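Here is how the chains run, residue by residue.
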Protein chains: 2
Amino acid sequence: MSVLIVGSTALDSIKTPKAENPRLLGGSASHAAVAASFFRPVRLVGVVGDDFPRRYFQLYKRHRIDLEGLQILPGKTFHWSGEYELNMNNRRTLLTELGVFETFTPTLPKRHQDSPFVLLANIAPALQHHVLNQMQRPKFIAADTMDLWLNIALPEVLQLLKRLDAFVLNDSEAHQLTKEDNVFAALKKIHRLGPKYVVIKKGSHGSILSSPQGFFICPAYPLHKIVDPTGAGDAFIGAMMGYLATAKGPVDKQIRRSMIYGSVVASFCCEGFGLQRTTRIKRWHIDQRVKELERLTQW
Amino acid sequence: MSVLIVGSTALDSIKTPKAENPRLLGGSASHAAVAASFFRPVRLVGVVGDDFPRRYFQLYKRHRIDLEGLQILPGKTFHWSGEYELNMNNRRTLLTELGVFETFTPTLPKRHQDSPFVLLANIAPALQHHVLNQMQRPKFIAADTMDLWLNIALPEVLQLLKRLDAFVLNDSEAHQLTKEDNVFAALKKIHRLGPKYVVIKKGSHGSILSSPQGFFICPAYPLHKIVDPTGAGDAFIGAMMGYLATAKGPVDKQIRRSMIYGSVVASFCCEGFGLQRTTRIKRWHIDQRVKELERLTQW
């Protein structure tokens, strides 16, 4: 079963204390699509400008990503530029040029409308709604968001929560949404806003799931060095959705394992700039780290 | 096999945004001793003044804690007063009155000198050394510390590390000691300073072990509400040592499980002021949460 992914497709210029990399392939949909592609065919919905490098089209294609839903419009591709502090935990945005993204309306190709797994990666909630409005009863819908939308489009986010199976957000966004410092207290509150499954990402501290089967404490894969964490959260939810689309049996039985796969693909993402490391691994690299995580958490 | 515990025995006056509790039983040795007492007989080494409330002697005795090594000196018991911020993560010290602690020298009763398990709970490293100097070849030595000793007595701490089997510290102390932001990188460095086992505590994010068998990612028990985290780290290492002293087979095989017990007893500690909650539980309450943690982490 294929996974439909809508989100941003961007060029990222990323500065860390050690290096600077201009115009890498980035955006929530790019990271999520490559991560999901290790498990299932992916249909990408997004927009790029006519300056979008040919090599990035080729990168998508190497990952068997269906680009029928990727619009190419005259103008510039969305460009984001950011800088990380020494400890890699804090980043600041240096520049945001929306380009063709400013007027983007995600229109689904007809044959994408029956996709069973839908990932609404981080993008304006109005666009996430717009995609859902075109879908025919998907089996499983998950969404991500960001602080910006909680600030400027909270009513749309709250409406969206009622339409989701799973909602994934990071701990600071969970705090922003619920005013709860405690992650378990926050999970319970978000649960009540609609989604059956809520996942709070805590970066290198792992993630927590709240579901009808209770909580799940998911470890992060241990990394000694982080090169660039940009896109790790998108890789996490992308791999989760890819794994869920490939797994047999009800989601309830698979969602914990899907988070483990999410953690592992996110760990590869952090080991290189942009998608540089993630695009160099194979499925067996992922399976190896999943086995290692098993050993690292047994008692 | 009994556990010898040396550390501070204090009266804690604790203020949180919700309540204020004066002159609770506190101190690293008190929290560690009560935590260890659920598993094994404990020998406490510390000092109190002649103002030490009779009910706290009784509390120790209810937990079968051997008080032969607890000195009672004329003067005031060590008194610490602190205040927690709204999110319970940050606290500031309002007052420290050393009292009889100022001139304390831990002298071990003869029959304590052959204790197989020794916990050097948080106290000046010179005193930790002094206790070790009186011991006859203990089977397992663990120690805790705090930022203060890393600031004012680093050479003594570094000397101590060479004499330990296990060293337990929190993430900010690990950063202070190694200048590493990454917890896995910090663990490797501390390892090289001496101890075979190094545990970094991350509060509600759990803890990480580095050992010759590799890393272990230990979850924290999920709490929706934290009443008072004072002493949770002492409870963690106290329960670890109590469990290790009771467990059959080599430490290598038991240390991961001992950390799980540490997490659970620390979770009870956080649910009440001072020792109020921890002194109201039985061993089966602990076993129940250990089973629950098993369910919360399976995939």
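Data block above holds the structure.
Counting restarts for each chain: residues are numbered from 1 in the order of the written sequence. Lettering of chains starts at A and numbering of ligands starts at 1, both following the order in which they are written. A pLDDT threshold of at least 70 governs which residues receive local features in this predicted model, and a stricter bar of 80 or more applies before side-chain atom pairs are shown or counted, although totals over entire chains, interfaces and linings include all residues. Side-chain measures were taken over the full set of non-hydrogen atoms in the model, leaving aside hydrogen atoms and water.

*Asks:* Can you walk me through the pattern of salt bridges in this structure?
*Replies:* Once their charged atoms are close, side chains differing in charge can pair, the charge on each being opposite to the other. Residue and element names in this part refer to chain B. By convention in these notes, a salt bridge is any Lys or Arg side-chain nitrogen within 4 Å of a carboxyl oxygen on Asp or Glu. Under the definition given, this model contains 20 salt bridges over all chains. Arg289 serves as the salt-bridge partner of Glu271, at 2.9 Å between the closest nitrogen and oxygen. Separated by 18 residues along the polypeptide, Glu271 in the loop between helix 9 (251-270) and helix 10 (283-297) and Arg289 in helix 10 bring together distant segments of the chain. Summary of the burial criterion: residues with accessible area below 20% of their type's maximum are buried, those above 50% are exposed, and those between are partly exposed, where the area comes from a 1.4 Å probe applied to protein chains only. By relative accessible area, which is 23% here, Glu271 ends up partly exposed. Per the convention used, a helix needs a DSSP run of H or I reaching at least four residues, while a strand needs a run of E reaching at least two, with both numbered from the N terminus.

*Asks:* Looking at this structure, how should I read the relation of the copies chain B and chain A?
*Replies:* Each of the two chain copies can be generated from the other by rotation about an axis followed by a shift along it. In the superposition of chain B on chain A (RMSD 0.0 Å, axial shift 0.0 Å), the rotation amounts to 180°. Such a combination of rotation and displacement between the chain copies is what one expects of a two-fold axis. Among all residues of chain B, the one whose C-alpha sits closest to the rotation axis is His205 of chain B, at a distance of 3.0 Å. When the copies are overlaid, the least-squares fit takes in C-alpha atoms only where the residue has pLDDT of at least 70 in both copies.

*Asks:* Please explain the interface of chain B and chain A as it appears in this structure.
*Replies:* How big an interface is tends to be stated in terms of accessible area lost as the parts join. Counting from both sides, the interface comprises 29 residues of chain B and, opposite them, 29 residues of chain A. When the area that chain B buries against chain A is broken down by residue, the three leading residues are Ile217, His224 and Trp299 of chain B, summing to 32%. By the criterion applied in these results, polar contacts are pairs of N or O atoms within 3.5 Å in which, for protein atoms, one can donate a hydrogen and the other can accept it, and in which residues neighboring in sequence qualify only through two side-chain atoms. Linking chain B to chain A there are 12 residue pairs in polar contact (both at pLDDT 80 or more). Elements represented by at least two residues in the side of chain B that touches chain A include exactly helix 7 (183-192), strand 13 (214-218), helix 9 and helix 10 of chain B. Broken down by element, the residue count for the side of chain B that touches chain A peaks at 6 residues, all from helix 10 of chain B. Three categories are distinguished: nonpolar for Ala, Val, Leu, Ile, Met, Phe, Trp, Tyr, Cys and Pro, charged for Asp, Glu, Lys and Arg, and polar for the others, with Gly belonging to the last. When the residues that make up the side of chain B that touches chain A are grouped by side-chain class, the tally is 14 nonpolar, 7 polar and 8 charged. Contacts were defined at the residue level, with two residues in contact if any of their heavy atoms lie within 4.5 Å. Accessible area that two parts lose when put together, with a 1.4 Å probe and added across both, is what the buried area reports.

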